[in-house]
Amino acid sequence: MVKICCIGAGYVGGPTMAVIALKCPKIEVVVVDISVPRINAWNSDQLPIYEPGLEDVVKQCRGNNLFFSTDVEKHVAEADIVFVSVNTPTKTRGLGAGKAADLTYWESAARMIADVSKSDKIVVEKSTVPVKTAEAIEKILTHNSNGINFQILSNPEFLAEGTAIKDLFNPDRVLIGGRETPEGLEAVKALKDVYAHWVPEDRILTTNLWSAELSKLAANAFLAQRISSVNAMSALCEATGADVSQVSHAVGTDTRIGPKFLNSSVGFGGSCFQKDILNLVYICECNGLPEVAEYWKQVIKINDYQKNRFVNRVVASMFNTVANKKVAILGFAFKKDTGDTRETPAIDVCKGLLGDKARLSIYDPQVAEDQIQRDLTMKKFDWDHPLHLQPMSPTTVKQVSIVWDAYEATKDAHAVCILTEWDEFKTLDFQKIYFIFFGQMKSLMETRPLLMGGSFLQTFQLPDLVLANP
Ligand SMILES: NC(=O)c1ccc[n+]([C@@H]2O[C@H](COP(=O)([O-])OP(=O)(O)OC[C@H]3O[C@@H](n4cnc5c(N)ncnc54)[C@H](O)[C@@H]3O)[C@@H](O)[C@H]2O)c1
Ligand SMILES: O=c1ccn([C@@H]2O[C@H](COP(=O)(O)OP(=O)(O)O[C@H]3O[C@H](CO)[C@@H](O)[C@H](O)[C@H]3O)[C@@H](O)[C@H]2O)c(=O)[nH]1
């Protein structure tokens, strides 16, 4: 029986391996992690991440051919294929701080693989890494190999959170990069055979190592660029009376452009886009390409501009001050159908409003109180490290209360900001919110309709009254 071990039981390692186990019943899959609480949660009824459909997949194969363990070395030693899906956060110190990828966790995983291996292995880069990382990993592995043969493959993951299981069941493509040597090609074929259990062959792309590594950064940069483009356009729409949802629809119907990923928003969030573009910028700078670096930097600058613009607009619409006013925040996760808050625009919006002395009442169906408090007190880039290395909310922000009901959050509020497009917010009774709870209401801000000029409004079909100004 082929044995796969995945180092890193996070948002990628967990769902990806669960789907491999489901689709390949003859392969034993073990997901290992240094985080004991995370592994305990994977082995319990309360999985550590919320992802539609995940629980069902895990329940079908856990204990049969899918296992979660903290015994990292044992399972790595026994595996034929080792996926590495550990954190690759933005560096906070030293060379490249604020831009370059921090490969500490990757490097320590590679050293451990070299130390414990007693048989040949295929080592798969699942984490998003800078182009040419495989070269460094190869050096680490071969210098410590004791004659064992390691083949390094790049197999970046393209799943999006909230739709991870759907994306994994039916991927647009699976990308596998490897060395163009007989051994490299054989390793590529071995991994291709795993995915071929359920992915049509024409959707499994094979390339050289560097193309696969760079394609991941490029794909995220292109996706984020579309959002920054439409968000930049939303500012012009607001200044001119154009409706950004109409503009993006008109633009997206051009088949060369396509309709997806053109929803303007309060800004993109999530653990990947900003980190990966900063990384791309750094790589361009290191390769003597300052113009290319500057080009991609703009995608981040517009994203920051959009988040600031939103806060300014809320404050401006409330007589230029939110001091002591209660603002309800509906949604804190970076998108719907996930409890993930990494780099969520809600953090910047809340910090901006708190900076103007607002009182916040926050409700999100999937984000726990201590996570929100931790996010609001955490330093930039601290959020993307393994759990045990993250600060444990030493202080709480007094002007923030976290509640478990949207109506409770909006009670006596002066304004409401909907920051995550959870489906349940579509069916809220805004008449009730307006007439019963809004004794004090001065304005009801709905982020996307007001900021984006309408695309979210259409989805939500909000009644006219929510757009009423004070
Ligand atoms: N989250 C996504 O949607 C997504 C999608 C595609 C790619 N990626 C990339 O995949 C990688 C992982 O992302 P994630 O969201 O799953 O991160 P995550 O933080 O959810 O999971 C990473 C896990 O690795 C563990 N870990 C770190 N070092 C370890 C070590 N030496 N040994 C064992 N375990 C270790 C951590 O404890 C953590 O549980 C990143 O490079 C990310 O950029 C993420
Ligand atoms: O039209 C849109 C689409 C998305 N967003 C925002 O963009 C962010 C990212 O959304 P999405 O890309 O759907 O989620 P992620 O889980 O961050 O997935 C991205 O990042 C992953 C990690 O690298 C990649 O694997 C995925 O392919 C890529 O879509 C979220 O804040 C969304 O609200 C918009 O503002 N407008």
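Computed from a predicted structure; not experimentally measured.

Structural notes on the confidence of the model for the protein chain
Phase 1: Averaged over the protein chain, the pLDDT score is 89; the fraction of residues at 70 or greater is 91%.
Phase 2: This stretch, residues 436-470, has a pLDDT under 50; its non-local contacts, to residues over four places away or in other chains, come to 107 contacts.
Phase 3: As scored by the predictor, the complex reaches a pTM of 0.93 and an ipTM of 0.98.

Quick look at helix H9 (residues 209-240)
Phase 1: For H9, which comprises 32 residues, the first-to-last C-alpha distance of 47 Å matches the rise-based estimate of 46 Å (1.5 Å per residue) to within 8%.
Phase 2: Its side-chain oxygen 3.0 Å from the backbone nitrogen of Trp-210, Asn-208 forms the N-cap of H9.
Phase 3: Remark: Gly-241 follows H9 within two positions and exhibits a positive phi of approximately 90 degrees.

Details of the site of ligand 2
Phase 1: Neighbouring ligand 2 are 20 residues, the closest being Phe-158, Leu-159, Asn-220, Ser-265 and Cys-272.
Phase 2: With respect to ligand 2, the backbone of Glu-161 contributes an N or O atom lying 2.8 Å from an oxygen atom.
Phase 3: One of the side-chain nitrogen or oxygen atoms of Lys-216 is found 2.8 Å away from an oxygen atom of ligand 2.
Phase 4: Elements that contribute at least two residues to the shell around ligand 2 include exactly H9 and helix H11 (273-286).
Phase 5: Counting residues per element, the shell around ligand 2 draws most heavily on H9, at 4 residues.
Phase 6: Counting contributing residues, the shell around ligand 2 receives three or more from each of domain 1 (3-207) and domain 2 (219-468).

Details of the packing of aromatic side chains
Phase 1: Scanning the model with the defined rule gives 7 aromatic pairs in all.
Phase 2: Ring geometry for Trp-42 and Phe-68: centres 4.9 Å apart, planes at 5 degrees, overall stacked. Taken together, the positions of Trp-42 in helix H2 (residues 36-42) and Phe-68 in strand S3 (residues 66-69) put the pair 26 residues apart, joining distant regions of the chain.
Phase 3: Note on Phe-68: relative accessible area 7%, which makes it buried.
Phase 4: Ring geometry for Tyr-295 against Trp-296: centres 5.0 Å apart, planes inclined by 80 degrees, an arrangement best described as edge-to-face.
Phase 5: Residue Tyr-295 is classed as partly exposed on the basis of its relative accessible area of 47%.
Phase 6: The buried category is assigned to Trp-296, whose relative accessible area is 10%.
Phase 7: By way of ring pairs, the aromatic residues Phe-222, Tyr-295 and Trp-296 are connected into one cluster.
Phase 8: Positioned above the aromatic ring of Phe-169 is the side chain of Lys-23, whose terminal nitrogen or guanidinium carbon lies 4.4 Å from the ring centre.

Overview of the site of ligand 1
Phase 1: Contacts to ligand 1 come from 26 residues, most closely from Asp-33, Arg-38, Thr-88, Lys-275 and Arg-342.
Phase 2: Within the backbone of Val-12, one N or O atom sits 2.9 Å away from an oxygen atom of ligand 1.
Phase 3: Within the contact set of ligand 1, a nitrogen atom lies 3.4 Å away from a backbone nitrogen or oxygen of Ile-34.
Phase 4: Starting from 830 Å² of accessible surface for ligand 1 in isolation, the protein chains cover 95%.
Phase 5: Partitioning the shell around ligand 1 into residue classes produces 9 nonpolar, 10 polar and 7 charged.
Phase 6: Viewed by domain, the shell around ligand 1 spans two of them, domain 1 (3-207) and domain 2 (219-468), each represented by three or more residues.

A look at the nonpolar core
Phase 1: Counting 45 residues, the largest nonpolar core has Ile-7, Val-76, Val-84 and Ile-113 as the members making the most contacts within it.
Phase 2: A domain split of this core shows at least three residues from each of domain 1 (3-207) and domain 2 (219-468).
Phase 3: Beyond its immediate sequence surroundings of up to four residues, Val-76 is in contact with Cys-5, Ile-7, Val-82, Met-112, Ile-113, Val-116 and Lys-121.
Phase 4: Cys-350, Ile-362, Val-397 and Ile-418 belong to the second-largest nonpolar core, a separate cluster that totals 44 residues.

Brief notes about unusual backbone geometry
Phase 1: A positive phi is found at Phe-319, a non-glycine position, where the angle reads about 60 degrees.
Phase 2: Counting through the fold element by element, Phe-319 comes out in the loop between helix H12 (290-317) and strand S9 (326-330).
Phase 3: With phi around 60 degrees, Glu-343 is a residue other than glycine that occupies positive phi space.
Phase 4: Residue Glu-343 is classed as buried on the basis of its relative accessible area of 9%.

Section: the sheet that holds strand S10 (residues 359-363)
Phase 1: Reading across from one edge, S11-S10-S9-S12 is the order of the 4 strands in this open sheet, with parallel pairing throughout. Of all strands in the sheet, those bounded by a partner on one side alone are strand S11 (400-402) and strand S12 (415-418). When strand polarity is set aside, the average angle formed by the axes of neighbouring strands in this sheet is 20 degrees.
Phase 2: Judged from the 3 bridges that link them, S10 and S11 form a sheet pairing that is parallel. Bridge pairing links Ser-361 to Ser-401 in S11.

So, how was this worked out
Residues numbered from 1 in each chain as written. Chains lettered and ligands numbered in written order. Predicted model: local features only at pLDDT ≥ 70, side-chain atom pairs only at ≥ 80, totals over all residues. Heavy atoms only, no water. pLDDT = per-residue confidence, 0-100. Contact = heavy atoms within 4.5 Å. Helix = DSSP H or I, 4+ residues; strand = E, 2+ residues; numbered from the N terminus. Expected span 1.5 Å × (residues − 1). Polar contact = N/O pair within 3.5 Å; in protein donor to acceptor, adjacent residues only side chain to side chain. Near = heavy atom within 4 Å. Domains from an automatic or database assignment. Phe/Tyr/Trp six-rings, centres within 6.5 Å; stacked < 30°, edge-to-face > 60°. Buried < 20%, exposed > 50% of the residue type's maximum accessible area, 1.4 Å probe, protein only. Lys NZ or Arg CZ within 6 Å of the ring centre and 35° of its normal. Areas by Shrake-Rupley, 256 points an atom, 1.4 Å probe, with all protein chains shown as cover. Nonpolar A, V, L, I, M, F, W, Y, C, P; charged D, E, K, R; others polar. Core = buried A, V, L, I, M, F, W, Y, C linked by side-chain atoms within 4.5 Å. Pairing = 2+ DSSP bridges. Axes fitted to C-alpha atoms, helices over the stretch in contact; angles between N-to-C directions.

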